[in-house]
Amino acid sequence: MKKSIVVSTQQTEFSALAFKEDLEKNVRKISEFGFDGVELAVRDPGYLDKEKIIQLVKDCDLEVPAIGTGQAWGEEGLSLSDPNEIIRKMAVERIIEQIKFASHFGAQVIIGLIRGIVKVGTRKEEAEEWTISGLRDCAQFAREKNIKLTLEPVNRYESNFINNLQEGVDFIKRVDMPNLGLLADTFHMNIEEVSIYDSLKKAKDYITHIHFADSNRWAPGLGHLNFSKIVLTLKEMEYKGYISAEILPLPDQDSAAEMTIKTLKQLLQ
Ligand code: LER
Ligand code: MN
């Protein structure tokens, strides 16, 4: 298993990002701390100096395991499940831009909050059908670029559909595209799963990416989740992908990253 941490490429309102100010400085620091990869949270690739980021990541000898897309929902309201067809179309177009950016790194593209919510006045079945249709278009495009998408169940306070791993697996089966996997985030799982360990094991054939945060969304080890048992479960499942810390920058961003790498190194040895 490899270690990564989420960094935002742009200023953002989304709080659970360990690093979100000076991108270059932060990526260099992440490399010095000893992470294997950096997960990039991107609102809109159109605003990025892509060549510069590609070069920076290369210079730092880091991989980019995944690209996060949730800011496009959080800050612009784009979503795959919006009743307004134009907004759904804009969400698909944005994800396609994310896929193009991801293809420079072979990164997975995260479908988390960008799926949106079932809005008042919309039937859940309808919102799900729109999401399935948009996801198929995105997955088809991603497939041509040899890129995977990864669907992230998020807790009930952030979305009102696809909240736990089993719902994620059921949804992936309905979308029925070979390059759509599942992202397990321990912060959301702590709220939604009956047993984090049993749910991970049950979904093991679908999991392509992992987010780590403790129960309070601080760095692993600073809340009350049992990460030794979680990592043991991942080892038993023979999970070989990335563990990416998506955490609050608390007590400050450097301490959060330092604590994360220290704990991950201990857990993964
Ligand atoms: C949001 O809470 C989250 O976990 C993100 O990874 C979803 O896009
Ligand atoms: Mn997450």
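What you see is a predicted model; the values in this text were computed from it and never measured.

Parameters and conventions
Residues numbered from 1 in each chain as written. Chains lettered and ligands numbered in written order. Predicted model: local features only at pLDDT ≥ 70, side-chain atom pairs only at ≥ 80, totals over all residues. Heavy atoms only, no water. Donors = N, O, S within 2.8 Å, 3.2 Å for Na, K, Ca; no water. Tetrahedral: all angles 85-135°; square planar, octahedral: opposite > 155°, others 65-115°. Helix = DSSP H or I, 4+ residues; strand = E, 2+ residues; numbered from the N terminus. Buried < 20%, exposed > 50% of the residue type's maximum accessible area, 1.4 Å probe, protein only. Near = heavy atom within 4 Å. Polar contact = N/O pair within 3.5 Å; in protein donor to acceptor, adjacent residues only side chain to side chain. Areas by Shrake-Rupley, 256 points an atom, 1.4 Å probe, with all protein chains shown as cover. Nonpolar A, V, L, I, M, F, W, Y, C, P; charged D, E, K, R; others polar. Arc of directions from axis to C-beta. Contact = heavy atoms within 4.5 Å.

**Examining the coordination of the manganese ion (ligand 2)**
- Within the first shell, the manganese ion (ligand 2) binds the protein through Glu152 (OE), Asp185 (OD), His211 (ND1) and Glu246 (OE), at distances of 2.1 to 2.3 Å.
- Of note is the manganese ion (ligand 2), whose six donor atoms meet at the metal with angles of 69 to 178 degrees in an arrangement that counts as octahedral.
- Along the chain, the residues donating to the manganese ion (ligand 2) fall in the pattern E-x32-D-x25-H-x34-E. Of this pair, glutamate 152 sits in the loop between strand E5 (149–151) and helix H6 (165–175) while histidine 211 sits in strand E7 (residues 207–212), and the two are 59 residues apart along the sequence. Here glutamate 152 matches histidine 211 in class, with each residue buried.

**As for the site of ligand 1**
- Within the structure, ligand 1 sits among Phe14, Gly112, Leu113, Glu152, Glu158, Asp185, His188, His211, Arg217 and Glu246.
- Within the side chain of histidine 188, a nitrogen or oxygen atom sits 2.7 Å from an oxygen atom of ligand 1.
- Within the contact set of ligand 1, an oxygen atom lies 2.8 Å away from a side-chain nitrogen or oxygen of glutamate 246.
- About the coverage of ligand 1: the protein hides 96% of its 260 Å² of free accessible area.
- Considering only residue class, the shell around ligand 1 consists of two nonpolar, three polar and five charged.

**A closer look at H6**
- Within H6 the residues assigned to the buried category are Leu165, Gly168, Val169, Phe171, Ile172 and Val175. Looking straight down H6, one finds its buried side chains confined to an arc of 165 degrees; they lie on one side.
- Residues of H6 that are buried make contact with helix H5 (124–144), E5, strand E6 (180–185), helix H7 (186–192), helix H8 (196–202) and E7.
- The N-terminus of H6 is capped by asparagine 164, whose side-chain oxygen sits 3.2 Å from the backbone nitrogen of glutamine 166.
- Looking one or two residues past H6, aspartate 176 carries a phi angle of roughly 60 degrees, positive in sign.

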